[in-house]
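Structural overview for review
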Protein chains: 2
Amino acid sequence: LAGLRAAFDLPTKLIYLNGNSLGPLTKAARARVEEVLRLQWGEGLVSSWNRHQWIELPRSCGEKVAALIGAAPGQVICCDSISINLFKVLAASLQLRPERDLILSTTDNFPTDLYAGQGLNQLLGEGRCRFEVVESTELLDHLDDSVAAIMLSHVDYRSGRLADIGAWTRQAHEIGALAIWDLAHSAGVLPVQLDRWQVDFAVGCGYKYLNGGPGAPAFVYCARRHHGVLNQPLYGWMGHRAAFDFQPVYEPAHGPASFQTGTPPILSMAALDAALGLFEGVDMDAVAAKARALAEFFLQEVEARVALRDLRLESPADADERGAQLAFSHPEAYAICRGMAADSVIFDYRPPRILRLGFSPLFLSFEDVASAASKLDKFLAQQTYREARFRRHQVVP
Amino acid sequence: LAGLRAAFDLPTKLIYLNGNSLGPLTKAARARVEEVLRLQWGEGLVSSWNRHQWIELPRSCGEKVAALIGAAPGQVICCDSISINLFKVLAASLQLRPERDLILSTTDNFPTDLYAGQGLNQLLGEGRCRFEVVESTELLDHLDDSVAAIMLSHVDYRSGRLADIGAWTRQAHEIGALAIWDLAHSAGVLPVQLDRWQVDFAVGCGYKYLNGGPGAPAFVYCARRHHGVLNQPLYGWMGHRAAFDFQPVYEPAHGPASFQTGTPPILSMAALDAALGLFEGVDMDAVAAKARALAEFFLQEVEARVALRDLRLESPADADERGAQLAFSHPEAYAICRGMAADSVIFDYRPPRILRLGFSPLFLSFEDVASAASKLDKFLAQQTYREARFRRHQVVP
């Protein structure tokens, strides 16, 4: 995979351990968006909807994502944001389980995912939709025949803890519920097998490991067995069976196409489409193996250095139990994040004291990881960063 | 306004009468997106959310739109698509009128607007939300105290017929209903006075007269008097009161910010922001006057030419009753549209026999309009285009 580094347009010397927040620019995305600007929008104007297949982008991006998440063709579409797509999927799930009203999630799920459930609950009211959040350790106890769907994340956005999609999906199915998964922190970096795991719906974003650019459109996976009966409530012309017929009455398209609503943002979607091209011919098992090896290597480096002993691992120590990221807590996490950035190493800071590091295997090398550990070691060995933090707190109380 | 032509990156010699479908590329949008690619995403990476104020774009674009539609600051946000924003606005309207369940629209409204109402109706069910569509001539008869909101378009997308926003909004308010307006075909080209007209909610798109690019984010206007009690159901982190606190429970931001849901598509939104910059210092009355004069001039040219006598005006003949577009029907509308495109004049074709012409005053000149009429005259004077049509029909039955 080392050869893929050249496909990225990363600043020289930068060690970017934040690809799990915003994936970097690829040369392909830059070239494509410039082409869309000058040639497609600039010269082709409105004819580019057909001539340059803008209208096909949600589907063609969807098929590229499908190949990365173990989905046979025809089950994934790219559109809107995770939050909006979850609303659609939750509503569709209630429609598929009309005798049930409970959607279950867990306290450690990503907040915006929880908001989607809260929004649907607020709109439909208690008799039609209950939304409950429980500790993940207690989820099993809450699975009963009032549950229409469980909504979980594959990888915990803070700790990186990995959920067993196959096992939880089976548990949900055993009680007749549907299983909805958020793949934001796994699509493009871990082996995901949605078809094999019998997942019902999944969502994910385009701007983390897929490198689609800031706010890139999200995706929705919808298992083929549900295609005939889908009915998500955010109707719009792009989801219509015959989008260009301008019929007065909405009739949903078949399958995931019906998860589209309005006109897609083409500049952003073209960047995503080009970035997804990087995965062509790439073995996802090799990607996952490298991500794991990079993280393990970093952990070894941390253990070997005295100055790093205050870093406390907040991710599972067992690589089998986590995704492609590591979280550490440290009382000076903010100062470390700023200090390292000044030395061209980008970490993610999560208040109040978490450092989060993402090991994107398409552009990171083992040399990058060694260098990051070494720079962190030097930074923590010189104690002056504590004074810097103190000054900051004085200025901004 | 003639000087603004140089701000556009239109192909030389092209006469583009389709800016009401997709506004053309501006030099500012091209330069901005290239900067976002190389400098902001490419080099700044995740820090650009703050450093380059990506996070502010929905609000800053919203304020720029506000200035064009007669809205005092703090009432407009840019996000998502018209279809999705209408769903939010319709749901919020029902929440504001809890004792009512009827949303009224008209058969001539844009289909995707109707779909939004049908989707909400399907989700909530008859007891909670009825959605009815009536002939616009009969709308007044249907206004009674079951109506929660009327949802109408300022300009009919086909005929260009203009609705009297002020008068209809008063009618709605007289029966205690809210008034929701779609400004897709008026924002940026007609004088719109939402505050003065006491409109409750409005939506519009960024890619027509605002020139924001294909699928540019849409906008939502929400009158200040509703800000304290708003509750739209598509909850997401961007609409949270404290987006970066990652709280487990959703609390809406104050005002239009709460109409945001997920992460905005930055490349597309940056293009919109730059394109909106063109309107700075531009007098909207002058824009509307030029649009009207361009259309009147085209009508005069049509009347003066014998070969154009088969074109039948489908827009109101009185300029006071229409927006910045003209529709003509002609039995050979499709062949005309193709033939004119081959001669560098872009019309919009609407099946089965409508030609739609948009008079975007920021980049069109009177010379362009004269030239378009002259070319159309020549095209229709030589009868061979009918054979071309015949051949096409044989090949593609």
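To start, this report covers the structure provided alongside it. (Residues numbered from 1 in each chain as written. Chains lettered and ligands numbered in written order. Predicted model: local features only at pLDDT ≥ 70, side-chain atom pairs only at ≥ 80, totals over all residues. Heavy atoms only, no water.)

1. Re helix 6 (residues 165-174) of chain B
All names here are of chain B. Buried residues of helix 6: I165, G166, T169 and A172, and no others. Buried positions in helix 6, seen along its axis, are confined to an arc of 125 degrees and lie on one side of it. In helix 6, the exposed residues that point more than 90 degrees away from the buried face are R170 and E174. Buried residues in helix 6 make contact with strand 5 (147-153) and strand 6 (178-182). For helix 6, the N-terminal capping position is held by D164, with its side-chain oxygen 3.3 Å away from the main-chain nitrogen of G166. Where helix 6 terminates, the next one or two residues include G176, which has phi positive at roughly 85 degrees. (Buried < 20%, exposed > 50% of the residue type's maximum accessible area, 1.4 Å probe, protein only. Helix = DSSP H or I, 4+ residues; strand = E, 2+ residues; numbered from the N terminus. Arc of directions from axis to C-beta. Contact = heavy atoms within 4.5 Å. Polar contact = N/O pair within 3.5 Å; in protein donor to acceptor, adjacent residues only side chain to side chain.)

2. A word on helix 10 (residues 366-381) of chain B
Compared with the 22 Å implied by 1.5 Å per residue over 16 residues, the 22 Å span of helix 10 of chain B between its first and last C-alpha is a close match. Of the positions making up helix 10 of chain B, those classed as buried are D368, V369, A372, A373, L376, D377, F379 and L380 of chain B. (Expected span 1.5 Å × (residues − 1).)

3. Focus: empty space enclosed by the protein
All names here are of chain B. Scanning the entire structure with this criterion turns up 3 cavities of 30 Å³ or more. Of the pockets and cavities examined, the largest cavity occupies roughly 50 Å³. What lines the largest cavity is simply P58, C79, D80, M238, Q260, T261, G262, T263, P264 and P265. For the lining of the largest cavity, a count of residues per class yields 5 nonpolar, 4 polar and 1 charged. (1 Å grid on protein atoms, 1.4 Å probe; cavity = no way out; pocket = protein on both sides within 12 Å on 5 of 7 lines; lining within 4 Å. Points joined across faces, edges and corners; volume = space filled by probe spheres on them. Nonpolar A, V, L, I, M, F, W, Y, C, P; charged D, E, K, R; others polar.)

4. Points about the packing of aromatic side chains
Enumeration according to the criterion identifies 29 aromatic pairs over all chains in this entry. Feature note: the residues F8, Y16 and F363 of chain A constitute an aromatic cluster, connected by ring pairs. (Phe/Tyr/Trp six-rings, centres within 6.5 Å; stacked < 30°, edge-to-face > 60°.)

5. A short note on the relation of the copies chain A and chain B
Rotating chain A by 180 degrees and moving it 0.0 Å along the rotation axis overlays it on chain B with an RMSD of 0.0 Å. The superposition of one copy onto the other is thereby described by a two-fold rotation axis. Take the interface residues of chain A: 100% of them recur as interface residues in chain B, which is what a same-surface contact looks like. (Least-squares fit on C-alpha atoms with pLDDT ≥ 70 in both.)

6. Description of the packing of helix 4 (residues 82-96) of chain A against helix 5 (residues 111-124) of chain A
How two helices pack is summed up by the angle between their axes together with the distance between the axes. Residues and elements named next belong to chain A. Close contact between helix 4 and helix 5 brings their axes to 9 Å; oriented N to C, the two are set at 50 degrees. By the criterion of interaxial angle, the relationship of helix 4 to helix 5 is oblique. As for how helix 4 packs across helix 5, the hand of that crossing is right-handed. Packed against helix 4, whose contacting residues are I82, S83, L86, F87, L90, A91 and L94, the element helix 5 presents T112, D113, A116, G117, G119, L120, L123 and L124 at the interface. For the contact of helix 4 with helix 5, the class distribution of residues is 10 nonpolar, 4 polar and 1 charged. (Axes fitted to C-alpha atoms, helices over the stretch in contact; angles between N-to-C directions. Parallel < 35°, antiparallel > 145°, perpendicular 65-115°, else oblique. Left-handed = near helix turned anticlockwise from the far one by under 90°.)

On their own, these measurements won't tell you what the molecule is for.
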